[in-house]
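Letter by letter, the chains look like this.
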Amino acid sequence: MSLVNVSNLVAGYGNNAPILQNVDMTLQQGQIGVIVGPNGAGKSTLLKSIFGLLNIHSGEITHNDKSIIHLRADQLVQQGLAFVPQEFNVFESMSVEENLEMGAFIRSDDLSDSIDKVYGYFPPLKEKRNQPAGELSGGQRQMVAMGRALMSNPSLLLLDEPTAGLSPLFMEKIFERIIAVNKSGVTVLMVEQHARQALAIADMGFVLVTGQNAFTDTGQALLQDDDVARSFLGG
Amino acid sequence: MNTLLTGYKKEALIVSFCGVLIALVFANFGSAFGLRMLTEIACFTIIALGLTIQWGFAGLFNAGIMGFIALAAFVSMLVSYPVNEAFWQSDFSSQLGWVFAKLLLGVAIIWGINSLPTLRNRIKLRRLLVVIAIAITYLVFMQNLAPVARGIETGAGFIGGFGLPVWMGWIAGGIVAGILAWFVGHICLGLRSDYLAIATLGIAEIIKAVLKNADWLTRGTLTVSPLPWPVETPGEIGFIASRAQYLSVTIVIIAVIFWLLQRAYSAPWGRMIRAIRDNELSSAAMGKDVNGRRLEVFILGSVLMGVGGAALVTFNSIFDPSGFLPLHHTFLIWVMVILGGAGNNTGTLIGTVIVYIVWVMSEPATLWVFEGIKHLGLEWFAWQVPNDFDSRALQMRVFLIGLTITLVLRFAPSGLIPEKIREH
Amino acid sequence: MNEIIFFINKVLISGAAIGSVYAMGAIGVTLIFGILRFAHFAHGDMMTLGAFFAFALTVMFPQAGQAIGLPTGFVMLPVAMLLTAIIAVLLDKTFYLPLRNNNVSPVVMVMASIGVTLMLQGLIRLFGGIEARYFFFAERKDIFRIALPFEDASRKIVITEPQILLFLFTLFSVFAIHYILNKTKFGKAMRAVSDNPDLARVSGINIQKVTIVTWLIAGSLAAAAGTLLSLDVSLKPDLSFNLLLPIFAAAIVGGVGHPYGAIVGGYVVGFAETLSIFNWAIFLRPFRDSLPEWFELSSNLALVPTEYKITVPFFILVVILIWRPTGLFKGKVI
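What counts and how
Residues numbered from 1 in each chain as written. Chains lettered and ligands numbered in written order. Predicted model: local features only at pLDDT ≥ 70, side-chain atom pairs only at ≥ 80, totals over all residues. Heavy atoms only, no water. Core = buried A, V, L, I, M, F, W, Y, C linked by side-chain atoms within 4.5 Å. Buried < 20%, exposed > 50% of the residue type's maximum accessible area, 1.4 Å probe, protein only. Helix = DSSP H or I, 4+ residues; strand = E, 2+ residues; numbered from the N terminus. Domains from an automatic or database assignment. Contact = heavy atoms within 4.5 Å. Buried area = accessible area lost by both parts, 1.4 Å probe. Salt bridge = Lys/Arg side-chain N within 4 Å of Asp/Glu carboxyl O. Polar contact = N/O pair within 3.5 Å; in protein donor to acceptor, adjacent residues only side chain to side chain. Nonpolar A, V, L, I, M, F, W, Y, C, P; charged D, E, K, R; others polar. Pairing = 2+ DSSP bridges. Axes fitted to C-alpha atoms, helices over the stretch in contact; angles between N-to-C directions. Parallel < 35°, antiparallel > 145°, perpendicular 65-115°, else oblique. Left-handed = near helix turned anticlockwise from the far one by under 90°. Expected span 1.5 Å × (residues − 1).

> I'd like to hear about the nonpolar core, residue by residue, with values.
Judged by nonpolar contacts, the single largest core of 260 residues is most densely connected at Leu46, Ile50 and Leu189 of chain A, Phe319 of chain B together with Phe41 of chain C. Considering each element in turn, this core owes the most residues, 19 residues, to helix 1 (residues 7-57) of chain B. Counting contributing residues per domain, this core is built from domain 1 (14-80 + 165-411) and domain 2 (85-157) of chain B, each supplying no fewer than three. Apart from residues no more than four positions distant in its own chain, Phe319 of chain B is found in contact with Ala70, Ala73, Phe74, Met77, Leu211, Thr218, Thr223, Val224, Leu227, Val313 and Phe324 of chain B. Counting residues in each nonpolar core, the second largest holds 44 residues, with Leu100, Leu157, Met190 and Leu199 of chain A among its members.

See below:
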């Protein structure tokens, strides 16, 4: 059954000309979906549209077969979505643990199990639990940001360029963690610049070009597709 | 309905509404009162035009218009009030001169320390020395001034004026208001917009406190009157002729300002200002000196406020520092500008006309309504009203000004006649 | 010795008292600044409003204090705080929320808050009149005179009951604020919104609820500060305007959006005021005879004449804006 389904989406910033033109996208429960494409193709726009941050001109977005285009961010979190922005994605003045607690704002039950689970995914955070997140390195911040998003027990995790600005070593680690998170039953949809590496771990790949669907297939299929490789994976 | 009333039709309707209002005032209260009100409207228009450039063109929040008005009115009084011979013949005139000479010396020393080449790279030491120099100058000045001020107050009363023509006073008032704006703007314009509001609010209260308490300079609560007029006074040619002359002087000023503003609006300078207001970041990115332009606008607007304020106080013919009220001299002007349509000169003019007439008429109207309440209260509930019922009733106007501000911001944020974006 | 006692009375005790009032006001202003991103000009009138609620309750139940042994105005404080807090939330709902939903710039919010100021001012004076009022019309205000164990100390340290209550209450509210911000879910959420509003929104934090909590805290602290100040001095409707500038100065000195900074800022401004209007000639008087001839001792050596007290917070504000616009504790970026 499809967990998230985008159909005929036209969306953009404010009342300006829409960036996305009739985009379609479907992701099944438990999959990893990767949105790739050249700069300015509308990758982040698609992700933000799903999370209700942009102006949707027309089209439909459903989650568990329910329309979610009119929901506020906190209602989306209640529905089981979680979003990690690309930049400014931690509360810099707050400690690591407080960052995690903020991710669980919608919950009123005991958080200690979930916090331990996040420390399980990201062991370095445990020893930094009382340090302000603003003092951490880029990779550790990304862990805090993902950990925060996981605290609401989402069924769908949206990641906007989780490896931007990280060294290749850290990128590997983050991808590894994303797979681990996915194995625990969380569907992941992410935007990535590192297209080859990302498609390698993807169940589904969506190639966007100038705000439209260019190719949609499994990650492996896209990697082997000559057209895709020629048009933007660089040969 | 809405489409019918767009553009010029709506404007024509509003203008004729203003005309009807003015005609009604003339018919009911006579020409002398009508002319007085029109002259006051004209003076407020000059002030409001100053605000409309600050707020409408550049988005600068001036919460202390009262301070600029009061300062300019004082300067204008100082320049144009007849010479006080008693002061100039007393010893205190030379003593006061010495006090200010010492102040100048102090300022020169401070400036010298600040620009001493050997201290250029030792910022901490320089700061420390500047602070010490400022403190010493201040203390010496205060200690020296106190006995002289007391002497002037007991002898000559106050220093009087320079006996120069009134128009020079108005110009001087405008210039000093501009200098004040330069100081305030210099400190606040690089910071977030709220800080300018806080600083101007504070400076207005300080100027009022100084003018109210420096009796040797302003006679304080004793007030100075009658202020000389730029035209023949009512005593010489009667109220109607005299006020008509005064009105024509102010209308000429408004016409000149209007002409200059309309030109500036479409000139490259005006376009740059509006570009900065509408998108500060991209303007800064395009290499425009955002704060420099803003400072210019802030000074220009304050000069207009000064000229208008000087004209207003001169017309009332009395300089009374306690008479400057934030409600009347700051927030009323805000209502005029935002109701009329910020950034639109015609809108500002119309806003001023409507708001001022309503404001003047609201006093008798409020009292009438509350008289009715008092009457009914007594009849029905045997309610004894408090002694200060009338002064309390007038507080209703304060409430209404506040309500108007919030309602306009919410429901008609661009005012009755919004700024027209003209293509060039 | 008497000079030192005079100094303690005039500078330390008075400065701590007014500083506590500024601190409580500045916490509210700084929280609103941090979360809603605008300078709330109606804060002074919220203080006056709270004091009027307390006064009205005191008039209605003049006996309530005696039963407990505290001034009636203080006993009524919790009710006044609650009422003011509710009014603050309602003001936000009616006047500020619609503007926020229109995405207006912070300056427009500032202007709206001035509109609210005028409305509150008008209503307070309409119903409360314009003359000063005293809380202690039916009770006695306790004044403690503490003699010091020194032989040459004939003067006594004077402290009033309302001042003691003010100090205790400020201490209590500082701990309460600390607890709320660091230990409770909504308090932490307030810090999160202040830190990064966009991220707070996508984290699922309900901004509207956080806003309500902010107004509840700011409103009740404003009411407490207004009431405790009026208990000590008197209740004047124009209280608000004189408080506004020192409170803003305190909030900016402490670093905008920084509650602990606001507390420090409040005391900085409070002590600066009492130190500047203190007559330093008193300390020189004992040495009158040994001073050189040319040094004529003036009877008043205050740094700032009392009538210009308002220049002190302004001066502090200007200095901090020039040298350290982020405040002592690195507040929100300017």
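Text resumes after the structure shown.
> Quick one: what's the story with the interface of chain C and chain A, residue by residue and with numbers?
In many analyses, interface size is given as the accessible surface area lost on bringing the parts together. Taken together, the 17 residues of chain C in the interface contact 24 residues of chain A. Carbon and sulfur atoms make up 60% of the surface buried where chain C meets chain A, a total of about 1,700 Å² over both sides. For the chain C face of the interface with chain A, the top three residues by lost area are Lys185, Leu199 and Val202 of chain C, together amounting to 32%. Our enumeration of links across chain C and chain A arrives at two salt bridges. One salt bridge in this structure joins Lys188 of chain C and Glu101 of chain A, with 2.4 Å as the shortest N-O distance. Inspection of the chain C/chain A interface yields eight residue pairs in polar contact (both at pLDDT 80 or more). Going through the elements one at a time, helix 8 (185-195) and helix 9 (197-202) of chain C are the ones with two or more residues in the side of chain C that touches chain A. Element by element, the count of residues in the side of chain C that touches chain A is highest for helix 8 of chain C, at seven residues. Class assignment of the residues belonging to the side of chain C that touches chain A gives a composition of seven nonpolar, five polar and five charged.

> Tell me about the sheet that holds strand 8 (residues 187-191) of chain A, residues and numbers included.
All names here are of chain A. Across the sheet, six strands lie side by side as 6-7-8-3-9-10; this open sheet has mixed pairing. Looking along the sheet, the strands with just one partner apiece sit at the ends: strand 6 (81-84) and strand 10 (212-218). When strand polarity is set aside, the average angle formed by the axes of neighbouring strands in this sheet is 15°. Bridging between strand 7 (residues 156-160) and strand 8 involves five bridges; their strand directions are parallel. Across the sheet, Leu159 pairs through a bridge with Met190, a residue of strand 8. Running at roughly 150° to strand 8, helix 7 (residues 168-183) makes contact with strand 3 (32-36), strand 7 and strand 8 of the sheet.

> An account of the pairing of strand 4 (residues 55-63) of chain A is requested, with residue identities and associated values reported.
Residues in a regular strand point their side chains to alternate faces of the sheet. Residues and elements named next belong to chain A. Here strand 1 (residues 2-12) runs beside strand 4; their pairing, made up of seven bridges, is antiparallel. Its bridge partner being in strand 4, Ser7 is matched across the sheet by Glu60. Both strand 4 and strand 5 (residues 66-67) contribute to a ladder of two bridges, which runs antiparallel. Each residue of the ladder has a partner; that of His63, found in strand 5, is Lys66. Counting the residues that bridge the hairpin from strand 4 to strand 5 gives two residues, and of these Asn64 lies at a positive phi of roughly 55°.

> Outline the arrangement of the chains, listing residues and values.
Highest in contacts among the two pairs of chains that touch are chains B and C. Note that chain A does not reach chain B: the shortest distance linking a C-alpha of one to a C-alpha of the other is 15 Å.

> Any details on the sheet that holds strand 5 of chain A? Residues and values, ideally.
Residues and elements named next belong to chain A. If you trace the four strands from one edge of the open sheet to the other, you get 2-1-4-5, paired in antiparallel fashion. The strands lining the two open edges of the sheet, one partner per strand, are strand 2 (20-28) and strand 5. Those strands touched by helix 1 (residues 43-50) are strand 1, strand 2 and strand 4, and its axis lies near 65° from that of strand 2.

> Pulling in residues and values, what's your account of the packing of helix 2 (residues 65-80) of chain B against helix 13 (residues 290-316) of chain B?
Residue and element names in this part refer to chain B. Two elements in contact, helix 2 and helix 13, have axes separated by 7 Å at closest approach and are oriented at 60°. Taken as axis vectors, helix 2 and helix 13 run oblique relative to one another. Crossing angle aside, the handedness with which helix 2 passes helix 13 is right-handed. For the pair formed by helix 2 and helix 13, the contact residues are Ile65, Phe68, Ile69, Ala72, Ala73 and Ser76 on the first element and Phe298, Ser302, Met305, Gly306, Gly309, Ala310, Val313 and Thr314 on the second.

> Describe the side chain of Thr170 of chain C, with residues and values.
Residues and elements named next belong to chain C. Along the chain, Thr170 falls in helix 7 (residues 161-183). According to the relative accessible area criterion, Thr170 is buried, its value standing at 3%. A polar atom in the side chain of Thr170 sits 2.6 Å from the backbone oxygen of Leu166. Apart from the residues within four sequence positions on either side, Thr170 is in contact with Ser20, Met24 and Tyr267.

> Mind laying out helix 5 (residues 123-154) of chain B, listing which residues take part and the relevant values?
All names here are of chain B. The terminal C-alpha atoms of helix 5 lie 46 Å apart, and with 32 residues this matches the ideal 46 Å at 1.5 Å per residue to within 8%. Buried within helix 5 are the following residues: Val130, Ala133, Thr137, Phe141, Leu145, Val148, Ala149, Gly151 and Ile152. On its buried face, helix 5 sits against helix 3 (85-89), helix 4 (92-114) and helix 8 (215-218).

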